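Results of the structural survey
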Amino acid sequence: MTVNLEVAEGVGTLRLDRPPMNALDVATQDRLKELAEEATRRDDVRAVVIYGGERVFAAGADIKEMQNMDHTAMVLRARALQDSFTAVARIPKPVVAAITGYALGGGCELALCADYRVAAENAKLGQPEILLGLIPGAGGTQRLPRLVGPSRAKDLIFTGRQVKADEALAIGLVDRVVPAAEVYGQAHAWAAKLAQGPAIALRAAKESVDTGLETDIDTGLAVERNWFAGLFATEDREIGMRSFVEEGPGKAKFR
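Values in this document were obtained by computation on a predicted structure and should not be read as measured data. (Residues numbered from 1 in each chain as written. Predicted model: local features only at pLDDT ≥ 70, side-chain atom pairs only at ≥ 80, totals over all residues. Heavy atoms only, no water.)

Quick look at the sheet that holds strand β7 (residues 124-126)
Here three strands make up an open sheet; going across it, the order is β5-β7-β8 and the pairing mixed. What marks the edges here is a single partner per strand, and that holds for β5 (102-104) and β8 (162-164). Taken over all neighbouring pairs, the strand axes of this sheet differ in orientation by 20° on average, direction set aside. In the sheet, β5 pairs with β7 via three bridges, with the strands oriented parallel. Looking across to β7, one finds that A103 is bridged to L125. (Pairing = 2+ DSSP bridges. Helix = DSSP H or I, 4+ residues; strand = E, 2+ residues; numbered from the N terminus. Axes fitted to C-alpha atoms, helices over the stretch in contact; angles between N-to-C directions.)

Below, the structure written as structure tokens:
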């Protein structure tokens, strides 16, 4: 399989496994969607890590495969391509990308689907589609400007240039830079910590933030308000408040 889902300690690792560069061909895209939906359904998956291995995250789409596709073929395929990445972005659980080596084109777009990004010191990210006479087609023109702002996004998309980890950190494209050998461990630790948290509240927080970024503030506030009130019906809220009153903050053990 080109993508695998491995679960341990409440964390599901979506592992890309298509050597040598984890090129995202059609089969890999479809498998990614399938496993993202599985991670969404499974109760034993409380958080998710996206990982491409020690050498590379994902170098982008399979250009040789795309070269043979004409306009009609891509019209039929483009929606499925976006849907595979959207399935990752809409996992209602914390998702972290563990980025080693290259995250280019579709690889960068996949990293953008995560809530948090840990990158190796030697990582390089970018949207080089313009160098092929194309634009990003798996969400890059939408998710990148929401993350780093329109001007920086246009710079990366218009030029197709690659950014090293330090610049990616400076512009907000990644959230943490660590030695390459520590990338997966730190990403997994971030996810494992959140896997012990209140699952419904984390889902509410993610949906509220993501919906608010995609709509007007009044609609976003309505989503937040409904989730906030609704959480008062959960056992986790009872556990959290009882623990705070009896033991102090940060000691609750959620189920």
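Overview of the packing of aromatic side chains
Any pair of aromatic rings gets described here by the distance separating the centres and the angle formed by the planes. By the definition in use, this model includes three aromatic pairs. Taking the centre distance of 4.7 Å and the plane angle of 35° together, the rings of Y51 and Y184 count as tilted. Of this pair, Y51 sits in strand β3 (residues 47-51) while Y184 sits in helix α8 (residues 183-195), placing them 133 residues apart in sequence. Since its relative accessible area comes to 10%, Y51 is described here as buried. Look at Y116 and W190: their rings are 4.9 Å apart centre to centre, the planes differ by 5°, and that puts the pair in the stacked class. Of this pair, Y116 sits in strand β6 (residues 116-120) while W190 sits in helix α8, and the two are 74 residues apart along the sequence. In this structure Y116 comes out as buried when scored by relative accessible area, which is 18%. (Phe/Tyr/Trp six-rings, centres within 6.5 Å; stacked < 30°, edge-to-face > 60°. Buried < 20%, exposed > 50% of the residue type's maximum accessible area, 1.4 Å probe, protein only.)

Comments concerning the pattern of salt bridges
According to the stated counting rule, one finds 12 salt bridges in the structure shown. Between D62 and R18 there is a salt bridge whose closest N-O contact spans 3.1 Å. Here D62 is found in the loop between β3 and α2 (63-67), whereas its partner R18 is found in the loop between β2 (11-16) and α1 (26-41), with 44 residues between them in sequence. Judged by relative accessible area, which is 15%, D62 ranks as buried. (Salt bridge = Lys/Arg side-chain N within 4 Å of Asp/Glu carboxyl O.)

Things to note about a nonpolar patch on the surface
Among the surface-exposed residues, I63, L132 and L134 lie close enough to one another that they form a single nonpolar patch of about 260 Å² accessible area. Classification of I63 as partly exposed rests on a relative accessible area of 41%. (Patch = residues over 30% accessible without salt bridge, like charges linked within 9 Å, V, L, I, M, F, W, Y side chains within 5 Å. Areas by Shrake-Rupley, 256 points an atom, 1.4 Å probe, with all protein chains shown as cover.)

Some remarks on the packing of helix α5 (residues 140-148) against helix α6 (residues 150-159)
In contact at an axis separation of 7 Å, α5 and α6 are set at 135° when each is read in the N-to-C sense. Classed by the angle they form, the pair α5 and α6 counts as oblique. The crossing of α5 and α6 is right-handed. On α6, the residues touching G140, T141, L144, P145 and V148 of α5 are P150, R152, A153, L156 and I157. Among the residues making up the contact of α5 with α6, the classes are represented as seven nonpolar, two polar and one charged. (Parallel < 35°, antiparallel > 145°, perpendicular 65-115°, else oblique. Left-handed = near helix turned anticlockwise from the far one by under 90°. Contact = heavy atoms within 4.5 Å. Nonpolar A, V, L, I, M, F, W, Y, C, P; charged D, E, K, R; others polar.)

Topic: the layout of surface pockets
Counted as a void, the largest pocket has a volume near 860 Å³. Taken together, 28 residues make up the lining of the largest pocket; nearest its centre are A89, R143, R146, D210 and E214. Looking at the lining of the largest pocket, the elements with two or more residues in it are α3 (71-89), α5 and α9 (199-214). For the lining of the largest pocket, the element with the most residues is α9, which contributes seven residues. Looking at side-chain class alone, the lining of the largest pocket contains 10 nonpolar, eight polar and 10 charged residues. Space inside the second largest pocket adds up to approximately 590 Å³. Lining the second largest pocket are 29 residues, and of these A61, M66, E129, L134 and I135 sit closest to its centre. If you list the elements that add at least two residues to the lining of the second largest pocket, you get α1, α2, α3 and α4 (106-112). If one sorts the elements of the lining of the second largest pocket by residue count, α3 sits on top with five residues. Looking at the lining of the second largest pocket residue by residue, the class counts come to 18 nonpolar, six polar and five charged. (1 Å grid on protein atoms, 1.4 Å probe; cavity = no way out; pocket = protein on both sides within 12 Å on 5 of 7 lines; lining within 4 Å. Points joined across faces, edges and corners; volume = space filled by probe spheres on them.)

Description of α5
Taken as a whole, α5 has its buried residues at G140, L144 and V148. Seen end-on, α5 carries its buried residues on one side only, within an arc spanning 20°. Close packing links the buried residues of α5 with α4, α6 and α7 (165-171). Directly beyond the C-terminal end of α5, a positive phi value near 95° is found at G149. (Arc of directions from axis to C-beta.)

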